[in-house]
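Coordinate inspection notes
Each chain, letter by letter, is given below.
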Amino acid sequence: MRKDLTTDRLALEAQQTAKLQFMLAQILPGNSFHAHKMAGIKPGLITLETLSELPFTSKEELLEDQARRPPYGTNLTYPIHDYYRLHQTSGSKGAPLRWLDTRASWQWFLDCWREIYACIGLKREDRLCFAFSFGPFVGFWAAFEGAAQSGNLCLTAGGMTTSARLRFLLENAATIVCCTPTYALRMAEIAQKDGLDLPNSAVRALIVAGEPGGSIAATKQQIEAAWGARVFDHYGMTEMGSLGIECVPNPGGFHLLETECIAEVIDPASGARLAAGEQGELVLTNLGRWGSPLIRYRTGDRVIVDPAPCPCGRVFARIIGGVLGRTDDMFVIRGNNVFPSALENILRRFPEVGEFRIEVDETGPLTSLTLRLECQLAKAHVAEQVCEAVRRELLFRPEVILVAPGSLPHAEMKSQRLVRRMK
Ligand SMILES: [Zn+2]
């Protein structure tokens, strides 16, 4: 009898090992990027235990490789004419990373999305609206095609104003909306201005991606209240694929699709593997995107794996509270490690606060932090209340400046709310 990989951990690990060994044997002859890094490695001897002997891969390494061998670098297993999809990262922190997929690799990406949809209980009659500009960013392209392959009605809502998008999704009775958490809130704000009733619409769920907001309790709550719908947090990235989704019975965290990847959590300083329950950096190996695979990729995302079994019955690792923050976005203030997501979790509890910006100044002897908040009712007491909440929960006092609504940049995709001045 075939074992169920979602509920049988031993069977899952045996399949991960088999897939890893097979993938390495397939890719190493053609892929000079990985062949160079893994010279002397015998694919048949690599197991989940010995995986840690393989070198890490970093984003910097990929960017350097693409700069040295433009435009696509050397992480290509097959001849260039075998590739048929190109996406790239926004490059908000430097050069964009380009990513090519063969037909088979792209299909693997779509299959991951089909598993994600199964996890949130997608029904045949669900209509999905993708409130997203379909540009070179991988964003919801795979989500769209995965849903279309499932036979669901898919609404592309690119190239529209927010008001037009809202009317479009309501007129077509969309039941699931895919967007960033920031844009979910933005749409809710515009809906209110336009007199549109989102809580009583057909929308039953939102799948949010691209930012940690989907697992930040206060942000999630705000979106769910404004839409009258459940929010599911999704995890993925251009170069890795879509590999995480919240399950129905256990909100506030997401499962990794471990049939399609191997997950490790490491101490970012030493590289040593950490146990479930310990906070560290997520390292992923994807098992099906052979056109440009990533082996032991340092995601830069800080996570904690839930040591408790999940009520949904899946044995896939579950990341408690979603991504806590990016390793490179963490700052130290009065001796405490602070992630912007911890501040967002406080700010979103204040309904008066709209868009916000976190300004960290590390140029002086003491790091200082300023919160610039759009406040609908410019009331001084909000600044004092925010300051007090931060002091109580994060043990330092920020400077809080209230600014007029609409004066901070609003993003449809990923918001860049952290501004750092470093020495
Ligand atoms: Zn679960």
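Keep in mind that what you see is a predicted model, and the values were worked out from it rather than measured.

Section: the nonpolar core
Grouped together as the largest cluster of nonpolar side chains are 51 residues, with contacts concentrated most on Trp-113 and Phe-130. The element best represented in this core is helix α4 (residues 103-119), accounting for nine residues. Other than its neighbours up to four places away in sequence, Trp-113 contacts Phe-140, Ala-142, Ala-143, Ile-207, His-234 and Ser-242. The next biggest cluster of nonpolar side chains, apart from the first, holds 25 residues, and it includes Val-338, Leu-343, Phe-356 and Val-390.

Quick notes on the coordination of the zinc ion
Protein-derived coordination of the zinc ion comes from Cys-247 (SG), His-255 (NE2), Cys-310 (SG) and Cys-312 (SG), at a distance range of 2.0 to 2.3 Å. Coordination at the zinc ion is tetrahedral: its four donor atoms span angles of 104 to 113° at the metal. Linear spacing of the donor residues for the zinc ion on their chain is C-x7-H-x54-C-x1-C. On the criterion of sequence distance, the pair formed by Cys-247 in the loop between β8 (241-245) and β9 (253-256) and Cys-312 in the loop between β12 (297-304) and β13 (318-320) is long-range, its members being 65 residues apart. According to the relative accessible area criterion, Cys-247 is buried, its value standing at 1%.

Structural notes on the pairing of strand β10 (residues 261-266)
Residues in a regular strand point their side chains to alternate faces of the sheet. Across the six residues that make up β10, a large majority, five, are buried. Here six bridges tie β10 to strand β11 (residues 279-286), and the two strands are oriented antiparallel to one another. Paired with Val-265 across the strands is Leu-282, a residue of β11.

Let's talk about α4
Its 17 residues give α4 an end-to-end C-alpha distance of 24 Å, which sits within 8% of 24 Å, the value for a rise of 1.5 Å per residue. Among all positions in α4, only Ser-105, Trp-106, Trp-108, Phe-109, Leu-110, Cys-112, Trp-113, Ile-116, Tyr-117 and Cys-119 are buried.

Topic: the sheet that holds strand β14 (residues 325-326)
Strand order in this open sheet of four strands is β10-β11-β12-β14, and the pairing throughout is antiparallel. What marks the edges here is a single partner per strand, and that holds for β10 and β14. Examined bridge by bridge, β12 and β14 share two bridges and lie antiparallel to one another. Bridged to Arg-302 within β14 is Gly-325.

Some details on the packing of helix α7 (residues 181-194) against helix α8 (residues 217-227)
The N-to-C vectors of α7 and α8 enclose an angle of 35°; their axes lie 10 Å apart at closest approach. The crossing of α7 and α8 is left-handed. Here Pro-181, Ala-184, Leu-185, Met-187 and Ala-188 of α7 lie close against α8, whose contacting residues are Thr-219, Gln-222, Ile-223, Ala-226 and Trp-227. Among the residues forming the contact of α7 with α8, the class breakdown is eight nonpolar, two polar and no charged.

Topic: the packing of aromatic side chains
Going through the model one piece at a time under the given rule, you end up with eleven aromatic pairs. Ring geometry for Phe-132 versus Phe-134: centroids 5.2 Å apart, planes at 85°, classification edge-to-face. A residue is classified by how much of its surface remains accessible, and Phe-134, at 22% relative accessible area, is partly exposed. The lysine or arginine in question, Arg-417, covers the ring of Phe-356, its NZ or CZ lying 4.9 Å from the ring centre.

Some details on the pattern of salt bridges
Summed over all chains, the structure comprises 27 salt bridges. As a salt-bridge pair, Arg-204 and Asp-126 come within 2.6 Å of each other at their nearest N and O atoms. With Arg-204 in the loop between α7 and β6 (205-208) and Asp-126 in the loop between α4 and β3 (127-130), the pair connects residues that are 78 residues apart, well separated along the chain. A relative accessible area of 28% means that Arg-204 is categorised as partly exposed.

What counts as what
- Residues numbered from 1 in each chain as written.
- Predicted model: local features only at pLDDT ≥ 70, side-chain atom pairs only at ≥ 80, totals over all residues.
- Heavy atoms only, no water.
- Core = buried A, V, L, I, M, F, W, Y, C linked by side-chain atoms within 4.5 Å.
- Buried < 20%, exposed > 50% of the residue type's maximum accessible area, 1.4 Å probe, protein only.
- Helix = DSSP H or I, 4+ residues; strand = E, 2+ residues; numbered from the N terminus.
- Contact = heavy atoms within 4.5 Å.
- Donors = N, O, S within 2.8 Å, 3.2 Å for Na, K, Ca; no water.
- Tetrahedral: all angles 85-135°; square planar, octahedral: opposite > 155°, others 65-115°.
- Pairing = 2+ DSSP bridges.
- Expected span 1.5 Å × (residues − 1).
- Axes fitted to C-alpha atoms, helices over the stretch in contact; angles between N-to-C directions.
- Left-handed = near helix turned anticlockwise from the far one by under 90°.
- Nonpolar A, V, L, I, M, F, W, Y, C, P; charged D, E, K, R; others polar.
- Phe/Tyr/Trp six-rings, centres within 6.5 Å; stacked < 30°, edge-to-face > 60°.
- Lys NZ or Arg CZ within 6 Å of the ring centre and 35° of its normal.
- Salt bridge = Lys/Arg side-chain N within 4 Å of Asp/Glu carboxyl O.

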